Amino acid sequence: MAEPIGVVASGARDPGAPRPAFDPTVPHSSRMYDYLLGGKDNFAADREAAEQLVAIEPDTRRGVRANRAFHGRAVRYLAGEVGVRQFLDIGTGIPAADNTHEVAQRVAAGSRIVYVDNDPVVLAHARALLTSERADTVSYLDADLRDPDTILQAARQRLDFGAPVAIMLLLVLHLIPDSDDPWRIVRRLVDAVPPGSYLVVSHPASDMDVPSAAAVAGHVNQRMQGTSMTLRGRAEVSRFFDGLDLLPPGLVSQNRWPDPAARYEETHIGGYGAVGRKPG
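Attention in this report is confined to the structure presented alongside it. The model shown is predicted, which means the values in this text are computed figures rather than measured ones. (Residues numbered from 1 in each chain as written. Predicted model: local features only at pLDDT ≥ 70, side-chain atom pairs only at ≥ 80, totals over all residues. Heavy atoms only, no water.)

Quick look at the overall build of the protein
At step 1: The number of helices and strands found in the protein is 9 helices and 8 strands.
At step 2: Counting contacts in the protein only where the partners sit at least 6 residues apart, residues at least 24 apart contribute 74% of the total.
At step 3: For the protein, the accessible surface area stands at approximately 12,100 Å², while carbon and sulfur atoms represent 52% of it. (Helix = DSSP H or I, 4+ residues; strand = E, 2+ residues; numbered from the N terminus. Contact = heavy atoms within 4.5 Å. Areas by Shrake-Rupley, 256 points an atom, 1.4 Å probe, with all protein chains shown as cover.)

Some points on unusual backbone geometry
At step 1: Cis geometry marks the peptide bond from P248 to P249, where omega comes out at 10°.
At step 2: As for its position among the elements, P249 is in the loop between β6 (245-246) and β7 (252-253).
At step 3: A cis amide bond, omega 10°, links W257 with the succeeding residue P258.
At step 4: Structurally, P258 can be placed in the loop between β7 and β8 (271-277).
At step 5: The backbone of L171 sits at a positive phi, close to 45°, despite the residue not being glycine.
At step 6: Along the chain, L171 falls in the loop between β4 (166-170) and α7 (182-192).
At step 7: A residue is classified by how much of its surface remains accessible, and L171, at 24% relative accessible area, is partly exposed.
At step 8: In the Ramachandran plot, D181 falls in the positive-phi region, its phi being about 50° despite a non-glycine side chain.
At step 9: Within the secondary structure, D181 is located in the loop between β4 and α7.
At step 10: Overall, D181 belongs to the partly exposed group, its relative accessible area being 31%. (Buried < 20%, exposed > 50% of the residue type's maximum accessible area, 1.4 Å probe, protein only.)

Digging into the packing of helix α1 (residues 29-36) against helix α2 (residues 44-56)
At step 1: Axis separation between α1 and α2 bottoms out at 9 Å; the angle between their running directions is 70°. Taken together, α1 and α2 sit at an angle that is classed as roughly perpendicular. Two packed elements cross with a definite hand, and for α1 against α2 that hand is right-handed. Contact residues: α1 offers R31, M32, Y35 and L36, while α2 offers D46, R47, A49, A50, E51, L53 and V54.
At step 2: A per-class count over the contact of α1 with α2 returns 7 nonpolar, no polar and 4 charged. (Axes fitted to C-alpha atoms, helices over the stretch in contact; angles between N-to-C directions. Parallel < 35°, antiparallel > 145°, perpendicular 65-115°, else oblique. Left-handed = near helix turned anticlockwise from the far one by under 90°. Nonpolar A, V, L, I, M, F, W, Y, C, P; charged D, E, K, R; others polar.)

Re the environment of D34
At step 1: Among the structural elements, D34 can be located in helix α1.
At step 2: The buried category is assigned to D34, whose relative accessible area is 5%.
At step 3: As a C-alpha pair, D34 and P95 span 61 residues in sequence and 8.1 Å in three-dimensional space.
At step 4: With residues up to four places along the chain from it excluded, the contact list for D34 reads G39, K40, D41, N42, I94 and P95.
At step 5: A distance of 2.9 Å separates polar atoms of two side chains, one belonging to D34 and the other to N42. (Polar contact = N/O pair within 3.5 Å; in protein donor to acceptor, adjacent residues only side chain to side chain.)

Some words on the pairing of strand β3 (residues 138-142)
At step 1: Along β3, 5 of the 5 residues are buried, which leaves the element largely enclosed by surrounding structure.
At step 2: Neither face of β3 is open: one carries V138, Y140 and D142, the other S139 and L141, and all of them are buried.
At step 3: Here strand β2 (residues 112-117) pairs with β3 via 5 bridges, running parallel. Paired with V114 across the bridge in β3 is S139. (Pairing = 2+ DSSP bridges.)

Focus on helix α4 (residues 100-107)
Residue pairs three or four apart in sequence face the same way in an α-helix, which turns once every 3.6 residues.
At step 1: Turning to α4, its buried residues are T100, H101, V103, A104 and Q105.
At step 2: Contacts from the buried residues of α4 go to α3 (60-80), β1 (86-90), β2 and β3.

Regarding α2
At step 1: Between its first and last C-alpha atoms α2 spans 18 Å; for 13 residues at 1.5 Å apiece the expected length is 18 Å, and the two agree.
At step 2: A45, D46, A49, A50, L53 and V54 are the residues of α2 that are buried. (Expected span 1.5 Å × (residues − 1).)

What to know about the nonpolar core
At step 1: Ranked by size, the top nonpolar core spans 36 residues in total, and within it L88, L145, L169 and L199 carry the most contacts.
At step 2: Every element with two or more residues in this core is listed here: β1, β2, α6 (148-155), β4, α7, β5 (198-204) and β8.
At step 3: With 6 residues, the top contributor of residues to this core is α7.
At step 4: Not counting the four nearest positions on each side in its chain, L169 is found in contact with I90, L145, V186, L199, V200, V201 and S202.
At step 5: Core analysis: the next-biggest nonpolar cluster, separate from the first, contains 23 residues, I113, V252, W257 and V275 among them. (Core = buried A, V, L, I, M, F, W, Y, C linked by side-chain atoms within 4.5 Å.)

A few points about the side chain of N99
At step 1: Note that N99 resides in the loop between β1 and α4.
At step 2: Among the residues examined, N99 registers a relative accessible area of 7% and is labelled buried.
At step 3: Within the structure, N99 has its side chain in polar contact with the side chain of R68 (distance 3.2 Å).

On their own, these measurements won't tell you what the molecule is for.
This is the structure:
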């Protein structure tokens, strides 16, 4: 069975303070994502907000599915082609089909995964649903991406930072505004892992379909309490990989990785995806 690391409070909240009351009438990004993937762990408010997004941008469903497919391809590549056996997945979201540990452990049964999220609903689902047949290979951390030192300190309890680690940041960095300097956060995470480690990022784009992207971001920021969505362009997303070697084909639309010439139903989606390797 999967084993929780334990509840570790981030610097964003007082460890002794009660969590905000759960309100099912307020849409939540993870539950909306679950609904768009065809999941059942969502409420009426999430479904309504998600359908409003689809009305604004009809390709929303294909976009989230393309992100999920990119996630699977990246994990299979890292676990298979280059032999990574450790994954730090930050921004877990509600468990869906083919989670990081499922994909990695189909390739290499002993792969170790630490999941990180700071939403109580997400963590409750994760601890109940994300299990592994191999004992002590899957762990969970309650922490905020904006507190990378807490994440790293706890992750070291389960991962060997003397060996390569794949840092997974899938559809989470857009929730960190520029004022919180997400590039500094990513650099702190990357600096802590050894050469030969990898960074996987997917991020909604501001420069692929600008009118609908801006409308989607505006809708999300208006409807979801406590959530702010920041779209970024190619140059801004590329900065997350400063000092890393981008694997071919580089920073591309998620459905074009790793084969930019492949023929997909979607000619493009509204988000970038890339995998970078720490040299040395």
